[in-house]
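Reading the structure
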Amino acid sequence: MGTVADNLARIRTSLPEGVTLVAVSKFHPAEALQEAYDAGQRVFGESRPQEMAAKYRELPKDIEWHMIGHLQTNKVKYLAPFVSLIHSVDSLKLAETIDKEATKAGRVIDVLLQLHIAQEETKFGWDAAELEHFLQNGELSALKHIRIRGLMGMASLTDDAAQVSGEFRTLHNVFITFRGKYLPQMDVLSMGMSGDYPLAIAEGATMVRIGSSIFGARQY
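Note that the coordinates shown come from a computational prediction; the quantities given were computed from them, not determined experimentally.

Observations concerning the overall build of the protein
Of regular secondary structure, the protein possesses nine helices and eight strands. Taken over C-alpha atoms, the radius of gyration comes to 17 Å for the protein, in line with the 17 Å a tight globule of 220 residues would show. Principal-axis analysis of the C-alpha atoms gives the protein an extent of 50 × 45 × 30 Å. A buried classification covers 51% of the 220 residues belonging to the protein. Counting only contacts in the protein whose residues sit at least 6 apart along the sequence, the fraction spanning at least 24 positions is 59%. As displayed, the protein offers around 10,100 Å² of accessible surface, 50% of which is attributable to carbon and sulfur atoms. For the protein, the distance from the average position of its 23 positive side-chain charges to the average position of its 27 negative side-chain charges is 5 Å.

Structure, rendered in structure tokens:
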């Protein structure tokens with residue numbers, strides 16, 4: 001494992017133009033994030049609101065903070081004043097809470113709608129048919145302090161590349177369909193992590209979330 005700067009350089013050379021790299025920095029200390037920042041990285045992904053808020057206070061203010069983990073409604077208040085993008089909106093209740101907290105903060109917060117595409121039940125996310133119901137009846141579009149930028153999904157944790165590619169392909173097809181029918185402004189498809197991001201890119205990802213390949217094993 002090289003330095004954070006070396007790892008970032010290697011990954012960046014593997015990404016096509018137009019694919020955004022989210023450096024997944026959860027559980028890593030601020031010093032590691034600063035090293036990545038000094039190497040030019042500006043987009044960081046965290047999964048715990050209070051950890052993100054602490055790092056926000058400590059690190060440079062031109063960082064884009066992305067919330068990538070499952071988000072409880074009572075934790076939205078910690079990140080609403082500064083978060084750049086929330087990847088993990090998986091219910092109408094959460095969307096409504098983000099809208100409410102964004103209103104208090106005088107902001108419009110960009111979000112991604114998380115779809116459940118994996119075989120594993122432990123993953124969070126909407127079922128595509130369920131999400132389409134909320135898009136059809138206008139409940140999501142009625143929320144004026146969130147902006148739906150796209151979709152996010154996590155593939156199954158398996159060595160079966162064909163299965164993983166198929167799950168990413170399913171998400172991409174839903175993205176294309178929903179953009180055409182309901183959300184023409186969508187421009188972000190967040191899928192792919194350290195172990196499978198090349199497959200995600202091949203299936204149309206515009207954003208990848210990479211942690212261990214940059215920072216090494218997580219320090220819990």
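Moving on from the model shown.
Overview of the pattern of salt bridges
Scanning all chains against the criterion turns up ten salt bridges. The residue Asp 110 makes a salt bridge to Arg 147 at a minimum N-O spacing of 2.6 Å. Of this pair, Asp 110 sits in strand 5 (residues 109–115) while Arg 147 sits in strand 6 (residues 146–153), and the two are 37 residues apart along the sequence. For Asp 110, a relative accessible area of 10% corresponds to the buried category. In this structure, the salt-bridge partner of Glu 132 is Lys 181, at a minimum N-O distance of 2.7 Å. Pair noted here: Glu 132 is in helix 6 (residues 128–137) and Lys 181 is in helix 7 (residues 161–181), with a separation of 49 residues, a long-range link.

A few points about the packing of helix 6 against helix 7
Interhelical geometry of helix 6 versus helix 7 gives an angle of 10 degrees and a closest axis separation of 12 Å. In terms of orientation, helix 6 lies roughly parallel with respect to helix 7. Here Ala 128, Leu 131, Glu 132 and Leu 135 of helix 6 come into contact with helix 7, specifically with Val 174, Phe 178 and Lys 181. Per-class residue counts for the contact of helix 6 with helix 7 are five nonpolar, no polar and two charged.

What to know about unusual backbone geometry
The backbone of Phe 27 sits at a positive phi, close to 70 degrees, despite the residue not being glycine. Its location among the elements puts Phe 27 in the loop between strand 1 (20–24) and helix 2 (30–38).

Digging into the packing of aromatic side chains
Under the criterion given, the structure shown has four aromatic pairs. Centre to centre, the rings of Trp 126 and Phe 134 are 5.3 Å apart; their planes meet at 65 degrees, and the pair counts as edge-to-face. The exposure classification of Trp 126 matches that of Phe 134, with both residues buried. Measuring from centroid to centroid gives 5.8 Å for Phe 178 and Tyr 182, while their planes differ by 75 degrees, and the two rings are edge-to-face. Under the relative-accessibility criterion, Tyr 182 is labelled partly exposed at 22%. A cation over an aromatic ring shows up here: Arg 42 above the ring of Tyr 37, its NZ or CZ 3.5 Å from the ring centre. Directly above the aromatic system of Tyr 56 lies the positively charged group of Lys 61, at a separation of 4.8 Å from the ring centroid.

Digging into the pairing of strand 8 (residues 207–210)
Across the two faces of strand 8 the burial is the same, with Met 207 and Arg 209 and Val 208 and Ile 210 all buried. By the bridge criterion, four bridges tie strand 1 to strand 8 in an arrangement that is parallel. Bridging from a neighbouring strand, Val 22 pairs with Arg 209 of strand 8.

Looking at the layout of surface pockets
For the second largest pocket, the calculated volume is near 150 Å³. Around the second largest pocket sit Leu 135, Leu 140, Ser 141, Leu 143, Ile 146, Arg 147, Ile 148, Tyr 182, Leu 183 and Gln 185, which together line it. Here the lining of the second largest pocket gets three residues from one element, more than from any other, and that element is strand 6.

Looking at the side chain of Ser 190
Looking at the element boundaries, Ser 190 is found in strand 7 (residues 188–190). Overall, the relative accessible area of 0% leaves Ser 190 in the buried class. One polar contact links Ser 190 to His 87, side chain to side chain, over a distance of 3.0 Å. Within the structure, the side chain of Ser 190 is placed 2.8 Å from the side chain of Arg 209, a separation counted as a polar contact. Look past the residues within four positions of Ser 190 in its chain and what remains in contact with it is His 87, Leu 112, Leu 151, Met 152, Gly 153, Met 207 and Arg 209.

Basis of the calculations
- Residues numbered from 1 in each chain as written.
- Predicted model: local features only at pLDDT ≥ 70, side-chain atom pairs only at ≥ 80, totals over all residues.
- Heavy atoms only, no water.
- Helix = DSSP H or I, 4+ residues; strand = E, 2+ residues; numbered from the N terminus.
- Rg over C-alpha atoms; globule rule 2.2 N^0.38 Å.
- Buried < 20%, exposed > 50% of the residue type's maximum accessible area, 1.4 Å probe, protein only.
- Contact = heavy atoms within 4.5 Å.
- Areas by Shrake-Rupley, 256 points an atom, 1.4 Å probe, with all protein chains shown as cover.
- Lys, Arg positive; Asp, Glu negative; His and termini not counted.
- Charge placed at Lys NZ, Arg CZ, Asp CG, Glu CD.
- Salt bridge = Lys/Arg side-chain N within 4 Å of Asp/Glu carboxyl O.
- Axes fitted to C-alpha atoms, helices over the stretch in contact; angles between N-to-C directions.
- Parallel < 35°, antiparallel > 145°, perpendicular 65-115°, else oblique.
- Nonpolar A, V, L, I, M, F, W, Y, C, P; charged D, E, K, R; others polar.
- Phe/Tyr/Trp six-rings, centres within 6.5 Å; stacked < 30°, edge-to-face > 60°.
- Lys NZ or Arg CZ within 6 Å of the ring centre and 35° of its normal.
- Pairing = 2+ DSSP bridges.
- 1 Å grid on protein atoms, 1.4 Å probe; cavity = no way out; pocket = protein on both sides within 12 Å on 5 of 7 lines; lining within 4 Å.
- Points joined across faces, edges and corners; volume = space filled by probe spheres on them.
- Polar contact = N/O pair within 3.5 Å; in protein donor to acceptor, adjacent residues only side chain to side chain.

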